[in-house]
There are 2 protein chains.
Amino acid sequence: MSEKSKFWYLKNINIFDGMDDSRMKMVEKITTMSQIGKHRPIYLPEEPSKNIYFLKEGHVKLSRLHEDGREIILDILGPGEIFGELSIVEQGGTKEIAETLDDALVCSMSKQDFENMLMDSPLLNLQLTKWMGLRLRRFEEKMSDLAFKDVTKRIISFLVRYADDFGKMKGGTVHISSFLSHQEIAYLTAASRQTVTTVLNELKGKGLIDFTRKSLTIHNFKELQALAR
Amino acid sequence: MSEKSKFWYLKNINIFDGMDDSRMKMVEKITTMSQIGKHRPIYLPEEPSKNIYFLKEGHVKLSRLHEDGREIILDILGPGEIFGELSIVEQGGTKEIAETLDDALVCSMSKQDFENMLMDSPLLNLQLTKWMGLRLRRFEEKMSDLAFKDVTKRIISFLVRYADDFGKMKGGTVHISSFLSHQEIAYLTAASRQTVTTVLNELKGKGLIDFTRKSLTIHNFKELQALAR
DNA sequence: CAAAGACTGTCGGCTATCCGACAAATGAGG
DNA sequence: CCTCATTTGTCGGATAGCCGACAGTCTTTG
């Protein structure tokens, strides 16, 4: 993979693949790069963001709040992913919060510039379409998890997916150095904080995982994965 | 709205807006139109569909099955919407079922043709992008409903949205002539059939709605809407 | 128009999970 | 190293909603 494409790498697709150099220069011109510390908001609901964001490094969580303090984390994005109001139609602003999880490097550009860029490069637009299709698929997956699985399975599903994104695999074991708080996991899995604590300790008791406040080890990835269905 | 654009009307966006006539002719050439009766499958999981579909008339439900007979309906699509494997990346086929709810008119075209068409028309592609953004938003909405609301509110939410799509508004009352079975509503709201029956009868008892096996009347739309939060 | 099949209504028991409460453990900052 | 704030662990009570069962009602079709 070339430097250029590595830069804009997307989990499954590189949206800038096949883009010529002159265009890449243009892209970098209309883009503002910013380093953002951990646990900082990028945009808030009711504060309609006029920008589209690319995540170059780090991770960002997208969540929604409810009137009472409850929260649900819709998705965690990794390097290369895009967020912001992709459908320019609405004006009301999003109901989403975007917030960094760790130190992140974010490129932003105006919706207008983004739109122009898409109009200018059919290939880029097509890649974006495919990527959005994948994102829709991810949401579908999460929705059916919510509908079909009990809390334990949802938490295991989460651990597996999270390990996939953040972990270092070594043999069958996966180690993750930046773990989330139980509350955060609760938001992700639509469970209560106490239940998360209990379930994690059950899994620890069965020797499937080990964890501290800021790290997680999955002893047998395949085995855990199998328990999620 | 011109005949042409009415033909391809999308709920919120007309993806063929601004398309010149010669291109529209081409579109119609690579497209196969078919009339499909009610409650017929369009594609099934593990039977990877090589096509992209446009819904011209009628309604289609997209759902997922679980090993045990359980089902969740992810979305109900109306005239003008697009479905199929929009992200061409995956080869495994979808886990989705697409099935007509009523008599439908569906246009299908091969993924390849669709992709070529998008490459050929940046504007079209951009419209598609916006539309997919809206679809993502709809999924987000459904996910937070699942996380935050109890069954009663989820059912009310469903009624309101369904009435919006299918109903005829007259004053403050909405009448819907093609209502779903309680089981179907259960699948949509991730509830059990019995609970749906009970909740609907509670709402009837409070004079908010009336229903028979195949019709629904909402007496005061605004009032019901307010109860969903 | 009769018989079979599908849908609706209702009940009672059951259980997963939430929620409040509080104590213990850990970590951060002065 | 002490203090305060945050996170984790555990318990018991409350309950929403699931599930099986079964009866009643409507629909379809031969």
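Keep in mind that what you see is a predicted model, and the values were worked out from it rather than measured.

(A) Quick peek at the overall build of chain A. When helices and strands are tallied, chain A shows 8 helices and 12 strands. Among the 229 residues that make up chain A, the fraction classed as buried is 53%. Considering only intrachain contacts with a sequence separation of at least 6, the fraction spanning at least 24 residues in chain A is 69%. Counting every atom, chain A has about 10600 Å² of accessible surface; 50% of that belongs to carbon and sulfur.

(B) Spatial organisation of the side chain of Glu71 of chain B. Counting through the fold element by element, Glu71 of chain B comes out in strand β5 (residues 71–77). Note on Glu71 of chain B: relative accessible area 15%, which makes it buried. In terms of polar contacts, Glu71 of chain B uses its side chain to reach the side chain of Ser63 of chain B, at 3.3 Å. Excluding residues within four positions of it along the chain, Glu71 of chain B makes contact with Phe148 of chain A together with Lys61, Ser63, Arg64, Leu65 and Tyr187 of chain B.

(C) Main features of the protein's contact with DNA strand D. Around DNA strand D, the structure places 15 residues, and the nearest of them are Arg193 and Arg213 of chain A together with Val151, Ser192 and Thr195 of chain B. Contact between DNA strand D and Asn201 of chain A: a phosphate oxygen at 3.4 Å from a side-chain N or O atom of the residue. Gln194 of chain B is positioned with one of its side-chain polar atoms (N or O) 3.2 Å from a base nitrogen of DNA strand D. Among the elements of the structure, α7 (193–205) of chain A together with α7 (193–205) of chain B are those that each provide at least two residues to the surface near DNA strand D. In terms of residue count, α7 of chain A provides more of the surface near DNA strand D than any other element does, 4 residues in total. Within the surface near DNA strand D, the residues separate by chemical class into 3 nonpolar, 8 polar and 4 charged.

(D) Looking closely at helix α5 (residues 151–166) of chain A. For α5 of chain A, with 16 residues, the first-to-last C-alpha span of 22 Å sits near the 22 Å given by 1.5 Å per residue. When we look at burial in α5 of chain A, the residues that qualify are Arg154, Ile155, Ile156, Ser157, Phe158, Leu159, Val160, Tyr162, Ala163 and Phe166 of chain A.

Thresholds, definitions, all that
- Residues numbered from 1 in each chain as written.
- Chains lettered and ligands numbered in written order.
- Predicted model: local features only at pLDDT ≥ 70, side-chain atom pairs only at ≥ 80, totals over all residues.
- Heavy atoms only, no water.
- Helix = DSSP H or I, 4+ residues; strand = E, 2+ residues; numbered from the N terminus.
- Buried < 20%, exposed > 50% of the residue type's maximum accessible area, 1.4 Å probe, protein only.
- Contact = heavy atoms within 4.5 Å.
- Areas by Shrake-Rupley, 256 points an atom, 1.4 Å probe, with all protein chains shown as cover.
- Polar contact = N/O pair within 3.5 Å; in protein donor to acceptor, adjacent residues only side chain to side chain.
- Near = heavy atom within 4 Å.
- Nonpolar A, V, L, I, M, F, W, Y, C, P; charged D, E, K, R; others polar.
- Expected span 1.5 Å × (residues − 1).

From the geometry alone we can't say anything about function, so treat these as descriptive.
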